[in-house]
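Below are the chains, spelled out letter by letter.
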Amino acid sequence: MAGRDFSAELFGSEAKPVQGRDFSVELFGKQEPPGFFSNIGNLLVQGGKQALAAAEMSPSVLAGNVGQNKAALLAKQLAEPSTPQPAELKEIKGAFKDEAQDFEKAQGFFESAKAFGPVLLEIGKQALTNPKGLMYMTAEQAANMAPSMAGMIAGGRTGAMVGAAVPLPFAAPVGTAVGAAVGAFSGSVPMEVGSEFIGLVGKELAARELPATEDNIAALLRDTEFMATATKNATTKGVTTAGVDAAMSAVTGGLASAPRRAAVKAATAELGAAADAAKIAERTKSLLAQRTLGQKIGTGAGAVGSEVAGGGLSEAAGQQAAYGKVDIEDVAQEMLGGLGGSALQVPASAYAMTRDLATGKPTPVTSEAPIAPSVPAEPTTPTAPAEPI
């Protein structure tokens with residue numbers, strides 16, 4: 001109903017509106033705003049559409065050859081009205097404007113560090129006072145996180161298998177960590193590169209004061225100078241952000257899974273390497289149950305802190321690499337998104353680092369096969385002594 005004047009439609013454009021009356025309400029009744037779960041569903045769908053568009057766009061951007069056939073996709077993404085955002089989400093997205101302005105004015109390292117303090121305080125404030133906005137932000141970003149998490153889990157499994165083939169005690173854990181990071185990077189790159197390019201097209205159209213029509217976008221795609229810069233910057237920004245984010249996800253997984261890996265190691269040492277996997281898993285569970293509440297909180301806080309820091313570092317690194325400057329408001333938004341997304345990302349990271357452990361099957365540290373027991377040779381019939389000649 002937005003943008004329509006029902007009094008004019010009913011009584012003509014010259015009719016004066018009747019004060020205090022809303023004809024849309026009289027005709028259709030009062031429209032209740034969507035509830036919490038409706039908002040979550042709308043944001044999940046909207047985020048999914050954006051993620052699919054980014055994935056479809058990224059191969060052409062990475063190749064540096066975005067054809068005219070992408071104009072329709074870009075027009076749909078840039079011109080399609082977004083789902084009305086809940087007030088809590090609008091608040092959280094505009095929470096860092098003042099802090100960003102103060103940070104821009106700061107000179108030198110110490111002033112910048114001092115100006116960054118209020119940013120961290122605002123992140124904490126939003127988390128405590130606007131939990132709905134944080135959940136809405138997580139829902140909006142869920143589709144972008146999914147490929148990275150899936151790639152991280154698959155990569156961790158592959159890395160563990162490759163590491164298990166190396167007869168060194170540290171090969172499997174290292175293989176798991178490297179594989180998880182590579183998998184997360186592979187899943188994240190299409191999202192980061194594609195979405196950055198779509199954003200750059202939107203900004204250029206706005207700078208030229210052009211509506212996001214298919215014809216205008218097609219003309220922009222024929223602008224070789226703009227396209228060379230846009231594809232280069234989108235690739236640099238996306239690849240750098242994905243790389244740093246993947247590395248930090250591996251760190252998060254290492255922190256979150258450290259207690260379980262330590263428990264498995266202790267259980268294996270106690271029962272012996274030849275013990276049944278189910279017994280090791282049972283003893284591992286027992287050892288983990290002995291951890292204090294403080295230890296559990298410490299592990300969780302470390303993993304969540306790593307995820308929050310990773311979101312900010314990856315965004316800052318990507319912007320610096322592509323544009324030579326950092327927008328602290330974007331960095332703060334990514335950190336806040338990392339806080340909300342940690343509810344999904346931390347368990348996924350921990351699982352990627354200890355997938356076999358989670359199923360009660362510790363990742364082997366050697367690929368040597370067990371030696372089959374030797375079968376005793378059958379007794380031979382004694383040879384009779386030769387008769388004297």
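Residues numbered from 1 in each chain as written. Predicted model: local features only at pLDDT ≥ 70, side-chain atom pairs only at ≥ 80, totals over all residues. Heavy atoms only, no water.

What about the environment of Met 191?
Here comes step 1: Mapped onto the fold, Met 191 is located in helix H9 (residues 171-207).
Here comes step 2: Sequence-wise, Met 191 and Ser 148 are 43 residues apart; in three dimensions their C-alpha atoms are separated by 9.0 Å.
Here comes step 3: Non-local contacts of Met 191, meaning those with residues more than four positions away in its chain, are made with Ala 51, Ala 54, Ala 55, Ala 143, Asn 144 and Pro 147. (Helix = DSSP H or I, 4+ residues; strand = E, 2+ residues; numbered from the N terminus. Contact = heavy atoms within 4.5 Å.)

A look at the environment of Asn 130
Here comes step 1: Looking at where Asn 130 falls in the secondary structure, it is placed in the loop between helix H7 (108-129) and helix H8 (131-164).
Here comes step 2: For Asn 130 and Ile 92, which are 38 residues apart along the polypeptide, the C-alpha to C-alpha distance reads 7.6 Å.

Here's the deal with unusual backbone geometry
Here comes step 1: Even without being a glycine, Glu 209 presents a positive backbone phi close to 55°.
Here comes step 2: On the basis of relative accessible area, Glu 209 is assigned to the exposed category, the value being 73%. (Buried < 20%, exposed > 50% of the residue type's maximum accessible area, 1.4 Å probe, protein only.)

A look at the environment of Gly 254
Here comes step 1: Note that Gly 254 resides in helix H11 (residues 224-271).
Here comes step 2: C-alpha of Gly 254 to C-alpha of Ser 349: the two residues are 95 residues apart in sequence and 7.8 Å apart in space.
Here comes step 3: Look past the residues within four positions of Gly 254 in its chain and what remains in contact with it is Arg 261 and Met 353.

What about the nonpolar core?
Here comes step 1: Among the nonpolar cores identified, the biggest contains 24 residues, and Leu 74, Phe 197 and Leu 221 are the most heavily contacted of them.
Here comes step 2: Among the secondary structure elements, those contributing two or more residues to this core are helix H3 (36-63), helix H4 (71-79), H9, helix H10 (214-221) and H11.
Here comes step 3: Looking at this core, the element that brings in the most residues is H9, giving seven residues.
Here comes step 4: Contacts of Leu 221, omitting those with residues within four sequence positions, involve Val 66, Gly 67, Gln 68, Lys 70, Ala 71, Leu 74, Phe 197 and Met 227.
Here comes step 5: Counting 22 residues, the second-largest nonpolar core is a separate cluster that includes Leu 89, Phe 96, Ala 115 and Met 137. (Core = buried A, V, L, I, M, F, W, Y, C linked by side-chain atoms within 4.5 Å.)

As for H4
Here comes step 1: Buried residues of H4: Ala 71, Leu 73, Leu 74 and Ala 75, and no others.
Here comes step 2: On its buried face, H4 is in contact with H3, H9 and H10.

Overview of the packing of H3 against H8
Here comes step 1: Running from N to C, H3 and H8 point in directions that differ by 30°, and their axes come no closer than 6 Å. Judged by the inter-axis angle, H3 sits roughly parallel to H8. When the axes of H3 and H8 are compared, the crossing they make is right-handed. Facing Phe 36, Asn 39, Ile 40, Leu 43, Leu 44, Gln 46, Gly 47, Gly 48 and Ala 51 of H3, the residues of H8 in contact are Lys 132, Met 135, Tyr 136, Ala 139, Glu 140, Ala 142, Ala 143 and Asn 144. (Axes fitted to C-alpha atoms, helices over the stretch in contact; angles between N-to-C directions. Parallel < 35°, antiparallel > 145°, perpendicular 65-115°, else oblique. Left-handed = near helix turned anticlockwise from the far one by under 90°.)

Side note on the packing of aromatic side chains
Here comes step 1: In the structure shown here, the tally under the stated rule is four aromatic pairs.
Here comes step 2: Measuring from ring centre to ring centre gives 5.5 Å for Phe 109 and Phe 110, while their planes differ by 80°; the resulting arrangement is edge-to-face.
Here comes step 3: Judged by relative accessible area, Phe 109 falls into the exposed class, the value being 65%.
Here comes step 4: An aromatic cluster is defined as three or more aromatic residues linked by ring pairs; in this entry it consists of Phe 36, Phe 37 and Tyr 136. (Phe/Tyr/Trp six-rings, centres within 6.5 Å; stacked < 30°, edge-to-face > 60°.)

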